[in-house]
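Now for the letters of each chain:
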Amino acid sequence: MRWFYRCPTCGAEYEVVPGRYVCDACSAEQEPSRPLSGVLEVEWEGDEGELGAVPLPVEPEWFPPIPVGNTPLWEPARLRRELGFPGLYLKDDTCNPTGSFKDRASFLVAAFAARHGIGEIALASTGNAASSMAGVGAAAGIKVTVFLPNTAPAAKRIQVLQYGAELRAVDGTYDDAYDRSLEYTTSGGALSRNTAYNPLTIEGKKTVSFEIVEQLGTAPDHIFVPAGDGVILAGVYRGFENLLRLGRIAKMPVVWACQAEGSSAIVRALESGGFGEPVRSATIADSISVDVPRNGTHALSKLKAHGGRGVIVGDGEILVAQKQLASRTGLFAEPSSSAAYAGFLKMRLTIDPESRVVLLITGSGLKDTDGAARGLEESI
Ligand SMILES: *Cc1c(COP(=O)(O)O)cnc(C)c1O
């Protein structure tokens, strides 16, 4: 099996080796304050009989010793009855070791580092990517350096320190932290796990689509995905594209990009056709709060290619959804994930109630109890 990177924009191919992140030609056209240009995708060529249940570009012998993925698919009976959607499912990625979906990306990046004898991984994060990489790095015995804005919720910061990672606090936004981390990895020997920039972050996230199809026995009709940088979105699409190529599913599900009103660049771009000047983000859902969606261009091209949809929800709707989800199902989700449920609530009347709908619940509510407390104050 030959594994390689391919630029979906110009078709250039590259080896999957340390130091290779983006397409040379397309990244040269990067404009300031715009999503990344030249984001690469992982491709394979060869005998597909050799591929395992989930095709990945790093051999299992390098996987870190930590049980990431294979998360449960809930059948929320009360919610199904109340909403009249007997085919509603919750993919519970709060069950990952560090409490978020980000572990799927960290897992593959750590495997790649191990395979190439790389001893340090660095990244910028709004919180979950940092705590995830720190936890997976701890299991693998790899040093992790994180650039985290001071505004990150305390639980995520404390998690990073508990796992023994080096924390570089950034007095600024996630976007500032992103720039700092790139300076750091460009000037030293650390592997960058910056989301979208490292193609393995997208590739690692595709595993969720394989699990959902295995758990359902078929493809879902709709899947609601919270979107900030748009890497989960692209990863979910990548998984379904692989599954189509392998003949394991017959159609592409309708993927819904769910964004907060105060951080909605991808959905706005889907409506208007492209990305304009960045808007300073402001939402309670810190994990999907970005000024510039790093994987915006790539995610947008996937949405356009596959008839994806977008939905924008306000912070009030997110808080109501968070409380409703927790109190009707027993699943306490963080605000970003609650945005996926809020998006479904908003659009459900446009969806056939007999369809199979999966909500991607990406992070645990315990990661930001201050935010959740606000939802209680507003007496829902
Ligand atoms: C990072 C994150 C998201 C958004 O993922 P993107 O790839 O940035 O779109 C959603 N939910 C949680 C819990 C996250 O940590």
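Residues numbered from 1 in each chain as written. Predicted model: local features only at pLDDT ≥ 70, side-chain atom pairs only at ≥ 80, totals over all residues. Heavy atoms only, no water.

**Overview of the domain arrangement of the protein**
1) Next: Taken domain by domain, the protein comprises domain 1 (1-51), domain 2 (73-95 + 206-379) and domain 3 (100-198).
2) Next: Each of domain 1 and domain 2 has a C-alpha centre, and the two are 26 Å apart.
3) Next: Summed over both sides, the interface between domain 1 and domain 2 buries roughly 1300 Å², with carbon and sulfur atoms accounting for 50% of that surface.
4) Next: Ranking the residues of domain 1 by area buried against domain 2 places Arg34, Pro35 and Trp44 at the top, with a combined share of 44%.
5) Next: If you look at where domain 1 meets domain 2, you find six salt bridges.
6) Next: A salt bridge links arginine 34 to glutamate 277, with the nearest nitrogen and oxygen atoms 3.2 Å apart.
7) Next: Taken together, the links from domain 1 to domain 2 amount to eleven residue pairs in polar contact (both at pLDDT 80 or more).
8) Next: Across the side of domain 1 that touches domain 2, the residue classes tally to seven nonpolar, one polar and four charged. (Domains from an automatic or database assignment. Buried area = accessible area lost by both parts, 1.4 Å probe. Salt bridge = Lys/Arg side-chain N within 4 Å of Asp/Glu carboxyl O. Polar contact = N/O pair within 3.5 Å; in protein donor to acceptor, adjacent residues only side chain to side chain. Nonpolar A, V, L, I, M, F, W, Y, C, P; charged D, E, K, R; others polar.)

**Observations regarding the nonpolar core**
1) Next: Among the nonpolar cores identified, the biggest contains 87 residues, and Leu191, Ile223, Val225, Leu233, Val236, Phe240 and Leu360 are the most heavily contacted of them.
2) Next: Among the elements that make up this core, the one with the highest residue count is helix H9 (residues 231-245) (eight residues).
3) Next: Among the nonpolar cores identified, the runner-up in size contains 31 residues, and Phe85, Leu90, Ala260 and Val311 belong to it. (Core = buried A, V, L, I, M, F, W, Y, C linked by side-chain atoms within 4.5 Å. Buried < 20%, exposed > 50% of the residue type's maximum accessible area, 1.4 Å probe, protein only. Helix = DSSP H or I, 4+ residues; strand = E, 2+ residues; numbered from the N terminus.)

**Structural notes on the site of the ligand**
1) Next: Residues in contact with the ligand amount to 16 residues; listed here are only the nearest, Lys102, Asn128, Gly228, Gly230 and Thr362.
2) Next: The side chain of asparagine 128 places a nitrogen or oxygen atom 2.8 Å from an oxygen atom of the ligand.
3) Next: The contact in question runs from an oxygen atom of the ligand to an N or O atom on the backbone of valine 231, over 2.9 Å.
4) Next: Protein contact buries 98% of the 370 Å² of open area that the ligand shows by itself.
5) Next: Broken down by class, the residue content of the shell around the ligand amounts to five nonpolar, seven polar and four charged. (Near = heavy atom within 4 Å. Areas by Shrake-Rupley, 256 points an atom, 1.4 Å probe, with all protein chains shown as cover.)

**A closer look at the packing of aromatic side chains**
1) Next: Taken as a whole, this structure holds eight aromatic pairs when the rule is applied.
2) Next: Ring geometry for tryptophan 3 versus tryptophan 44: centroids 5.8 Å apart, planes at 65°, classification edge-to-face. With tryptophan 3 in strand S1 (residues 2-6) and tryptophan 44 in strand S3 (residues 41-45), this residue pair connects regions lying 41 residues apart in the sequence. In terms of burial, tryptophan 3 and tryptophan 44 fall into one category: buried.
3) Next: Relative to phenylalanine 344, the ring of phenylalanine 224 lies with its centre 5.5 Å away and its plane at 75°, an arrangement referred to as edge-to-face. (Phe/Tyr/Trp six-rings, centres within 6.5 Å; stacked < 30°, edge-to-face > 60°.)

**What to know about the sheet that holds S3**
1) Next: Taking strand neighbours across the sheet as the criterion, the three strands line up as S2-S1-S3 in an open arrangement whose pairing is antiparallel. Of all the strands in the sheet, the pair left with one neighbour each is strand S2 (13-15) and S3. The mean angle between the axes of side-by-side strands here comes to 45°, regardless of whether they run parallel or antiparallel.
2) Next: Direction of pairing for S1 relative to S2: antiparallel, over a ladder of three bridges. In the strand pairing of S2, tyrosine 5 is matched with tyrosine 14. (Pairing = 2+ DSSP bridges. Axes fitted to C-alpha atoms, helices over the stretch in contact; angles between N-to-C directions.)

**Overview of the pattern of salt bridges**
1) Next: Going through the model one piece at a time under the given rule, you end up with 28 salt bridges.
2) Next: The salt bridge partner of glutamate 211 is lysine 91, with a shortest N-O separation of 2.9 Å. One end of the pair, glutamate 211, is in helix H8 (residues 207-216); the other, lysine 91, is in strand S5 (residues 88-92), and 120 residues separate them in sequence. No difference in accessibility class separates glutamate 211 from lysine 91, as the two residues are buried.
3) Next: Between lysine 143 and glutamate 166 there is a salt bridge, and its shortest N-O distance comes to 3.0 Å. Taken together, the residues span a long stretch of sequence, with lysine 143 in strand S7 (residues 143-149) and glutamate 166 in strand S8 (residues 166-170) at a distance of 23 residues.
4) Next: Among the residues examined, lysine 143 registers a relative accessible area of 39% and is labelled partly exposed.
5) Next: Put simply, Arg6, Glu41, Glu43, Glu48, Arg238, Glu241, Arg245 and Lys302 are held in one network by salt bridges that share partners.

**Focus: H8**
1) Next: Across the ten residues that make up H8, a large majority, eight, are buried.
2) Next: For H8, the set of buried residues is Thr207, Val208, Ser209, Phe210, Glu211, Ile212, Val213 and Leu216.
3) Next: Where H8 terminates, the next one or two residues include glycine 217, which has phi positive at roughly 80°.

**So, unusual backbone geometry**
Leaving glycine aside, a negative phi is the common case for residues, and trans is the common case for peptide bonds.
1) Next: Positive phi outside glycine occurs at serine 33, with the angle close to 55°.
2) Next: Relative to the helices and strands, serine 33 is located in the loop between helix H1 (24-27) and S3.
3) Next: A residue is classified by how much of its surface remains accessible, and serine 33, at 43% relative accessible area, is partly exposed.
4) Next: One non-glycine residue with positive phi stands out, namely alanine 196, at about 75°.
5) Next: Within the fold, alanine 196 resides in the loop between strand S9 (191-192) and helix H7 (199-205).

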